[in-house]
Number of protein chains: 2
Amino acid sequence: MGKPTLEFWYDFASTYSYLSAMRIKPLAERAGVEVLHRPFLLGPIFKAQGWASSPFNVYPTKGRYMIRDMERLAAERGLVFHSSDPFPQNSLGAARVALVALEEGWIGQFTPELFKLEFGERCDISAASTLEQAVRRAGEKSELSLDFARVFERSGADDIKRRLRAQTEAAAVAQIFGAPTFRTADGELFWGDDRLDQAVVWARKL
Amino acid sequence: MGKPTLEFWYDFASTYSYLSAMRIKPLAERAGVEVLHRPFLLGPIFKAQGWASSPFNVYPTKGRYMIRDMERLAAERGLVFHSSDPFPQNSLGAARVALVALEEGWIGQFTPELFKLEFGERCDISAASTLEQAVRRAGEKSELSLDFARVFERSGADDIKRRLRAQTEAAAVAQIFGAPTFRTADGELFWGDDRLDQAVVWARKL
């Protein structure tokens, strides 16, 4: 039998996904659980719920609360957090690069680095320069030689675009309605960074 | 200086408020924090956000998730949980009785008993017989002699009705958008049972 697995569904524009991206690796490793990264786009999911933007924009009171909540949680965890401007950022290009990283085995290094650039260092993740920096840092962490020009070109390939659309459709089919969401091999969904610990324990018991 | 305080804003129809109602007392006591009960009605708050019902009905995928999430959390905590039918229940009468309990000093006993009847024993909290049972149990726990007929009559008084409306308006002014919400003396909001522990720690530091 292989290791138990846990799917980590996230959108690079999602603030609470940042919290999970910064802690899922050590947490899962300690539990002997393998993380399967599932970058997807929340936009189509939100649209299906009738929202033209993030619910944090559609419901501004909730949006203001989210920022304060994130500030408090980030402070507790020793993380820097600035809400992005604009919020949400356009995460399409980031998700496509993440799918390249997934096929090449460095998504576990790329994901937290890009989130840190976005919410820790105020970078625009739709800019190629930000993606380049995240790829460079992921290369250093993974000790892989990553050529950004090649990665970026690959991220624009038709099959990568199709894979991202399929991944987002799979999220909808799996009844995922927000991010981060964790899914165990038996199909249980755990929504939000608040459920990450519970999801890891669940995955481990399977 | 008095004890630090923590406001506990809840609606009796709210599933996650049940989780908090079942644990806030020992948690706050251990921390030396006094709980200030703030029963209110979510209906007008949801209406202001454009929802004709609970968001768990407006967004059925989220509603199905909530039930599964509640089942898992309740099981972890050794609580019985059945979603109410209908969901949400009409909590108007319950909130009015709670305001009587608040003025008479037995709301800390009444609140968990009514939630247990609703989500643990499938009772209809809009029925006088359910309210009566909760009042009886609260009387036993608090060692007060509570006459339900008197309490019920008092709960229909104009000033109690006005107080509930004022409390619900105060929730909106405080930017409360869901339940349970915890508010500390410095005005910080903590939304959801997931934030109860953090709210108690925050209250204690003030």
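For the structure itself, look to the data block above.
Residues numbered from 1 in each chain as written. Chains lettered and ligands numbered in written order. Predicted model: local features only at pLDDT ≥ 70, side-chain atom pairs only at ≥ 80, totals over all residues. Heavy atoms only, no water.

Another aspect to go through is the overall build of chain A. Helix and strand content of chain A: 11 helices and 4 strands. At 16 Å, chain A has a C-alpha radius of gyration in line with the 17 Å of a compact globule built from 206 residues. Across its three principal axes, chain A shows a C-alpha extent of roughly 45 × 45 × 35 Å. Here chain A, with 206 residues, has 53% of them falling under the buried criterion. (Helix = DSSP H or I, 4+ residues; strand = E, 2+ residues; numbered from the N terminus. Rg over C-alpha atoms; globule rule 2.2 N^0.38 Å. Buried < 20%, exposed > 50% of the residue type's maximum accessible area, 1.4 Å probe, protein only.)

Under the definition given, this model contains 44 aromatic pairs over all chains. Where B:Tyr16 meets B:Phe56, the ring centres are 6.3 Å apart and the plane angle is 50°; that geometry is what we call tilted. Residue B:Tyr16 is located in helix H1 (residues 15–21), and its partner B:Phe56 is located in helix H4 (residues 55–58); the two are separated by 40 residues in the primary sequence. Residue class for B:Tyr16 comes out buried when judged on its relative accessible area of 16%. Within the aromatic cluster, the residues linked to one another by ring pairs are A:Phe8, A:Tyr10, A:Phe12, A:Tyr18, A:Phe81, A:Trp106, A:Phe110, A:Phe115, A:Phe119 and A:Phe182. Residue placement shows A:Arg72 over the ring face of B:Phe190; its charged tip is 3.8 Å from the ring centre. If you follow B:Arg72 out to its NZ or CZ, it ends over the ring of A:Trp202, 5.9 Å from the centre. (Phe/Tyr/Trp six-rings, centres within 6.5 Å; stacked < 30°, edge-to-face > 60°. Lys NZ or Arg CZ within 6 Å of the ring centre and 35° of its normal.)

Turning our attention to the side chain of A:Gln49. Inspection of the secondary structure puts A:Gln49 in the loop between helix H3 (42–48) and helix H4 (55–58). Residue A:Gln49 is classed as buried on the basis of its relative accessible area of 18%. Those residues in contact with A:Gln49, other than ones at most four positions away along the chain, are A:Phe177 and B:Tyr59. (Contact = heavy atoms within 4.5 Å.)

Quick look at the packing of helix H8 (residues 128–142) of chain A against helix H9 (residues 148–155) of chain A now. Residues and elements named next belong to chain A. At their nearest, the axes of H8 and H9 sit 10 Å apart, and the two run at 120° to each other. In terms of orientation, H8 lies oblique with respect to H9. Regarding H8 and H9, the two cross each other, and that crossing is right-handed. On the side of H8, the interface is formed by Ala128, Leu131, Glu132 and Val135, while H9 contributes Phe148, Val151 and Phe152. Residues that form the contact of H8 with H9 fall into these classes: 6 nonpolar, no polar and 1 charged. (Axes fitted to C-alpha atoms, helices over the stretch in contact; angles between N-to-C directions. Parallel < 35°, antiparallel > 145°, perpendicular 65-115°, else oblique. Left-handed = near helix turned anticlockwise from the far one by under 90°. Nonpolar A, V, L, I, M, F, W, Y, C, P; charged D, E, K, R; others polar.)

By a simple turn and slide, chain B fits onto chain A: the slide is 0.0 Å along the axis, the RMSD is 0.0 Å, and the turn is 180°. In the structure described here, the two chain copies are related by an operation that fits a two-fold rotation axis. Considering only C-alpha atoms, the part of chain B nearest the rotation axis is B:Asp194, at 3.5 Å. Of the interface residues in chain B, 100% have counterparts in chain A that sit at the interface too, so the contact is made through matching surfaces. (Least-squares fit on C-alpha atoms with pLDDT ≥ 70 in both.)

At the interface, 23 residues of chain B touch 23 residues of chain A. Linking chain B with chain A are 8 salt bridges. In this structure, the salt-bridge partner of B:Arg68 is A:Glu188, at a minimum N-O distance of 2.8 Å. Summed over the shared surface of chain B and chain A, the result is 19 residue pairs in polar contact (both at pLDDT 80 or more). Secondary structure elements with two or more residues in the side of chain B that touches chain A: helix H5 (60–76), strand S4 (189–191) and helix H11 (196–205) of chain B. (Salt bridge = Lys/Arg side-chain N within 4 Å of Asp/Glu carboxyl O. Polar contact = N/O pair within 3.5 Å; in protein donor to acceptor, adjacent residues only side chain to side chain.)

For the rest of this paragraph, the subject is the pattern of salt bridges. Counted by the stated rule, this structure contains 42 salt bridges over all chains. Between B:Arg68 and B:Glu71 there is a salt bridge; the shortest N-O distance is 3.0 Å. Here B:Arg68 and its partner B:Glu71 are both found in helix H5, 3 residues apart, which amounts to about one turn of the helix. A relative accessible area of 34% means that B:Glu71 is categorised as partly exposed. Put simply, A:Arg68, A:Asp69, A:Glu71, A:Arg72, A:Asp194, B:Glu188 and B:Arg195 are held in one network by salt bridges that share partners.

Right, let's get into the pairing of strand S2 (residues 34–39) of chain B. All names here are of chain B. Alternating positions in S2 separate cleanly, Val35, His37 and Pro39 being buried on one face and Glu34, Leu36 and Arg38 remaining unburied on the opposite face. Two elements, strand S1 (residues 5–10) and S2, share 6 bridges in a ladder whose sense is parallel. Across the sheet, Leu6 pairs through a bridge with Val35, a residue of S2. (Pairing = 2+ DSSP bridges.)

A few words now on the pairing of strand S3 (residues 181–184) of chain B. Consecutive side chains along a regular strand alternate between the two faces of the sheet. All names here are of chain B. Bridge count for S1 against S3 is 4 bridges, and the pairing is antiparallel. Residue pairing in the sheet places Glu7 in a bridge with Arg183 of S3. Summarising the sheet, S3 and S4 pair through 3 bridges and their orientation is antiparallel. Considered in S4, the bridge of Phe182 is made with Phe190. Hairpin connection between S3 and S4: a loop of 4 residues separates the two successive antiparallel strands, and Gly187 in this loop has a positive phi of roughly 90°.

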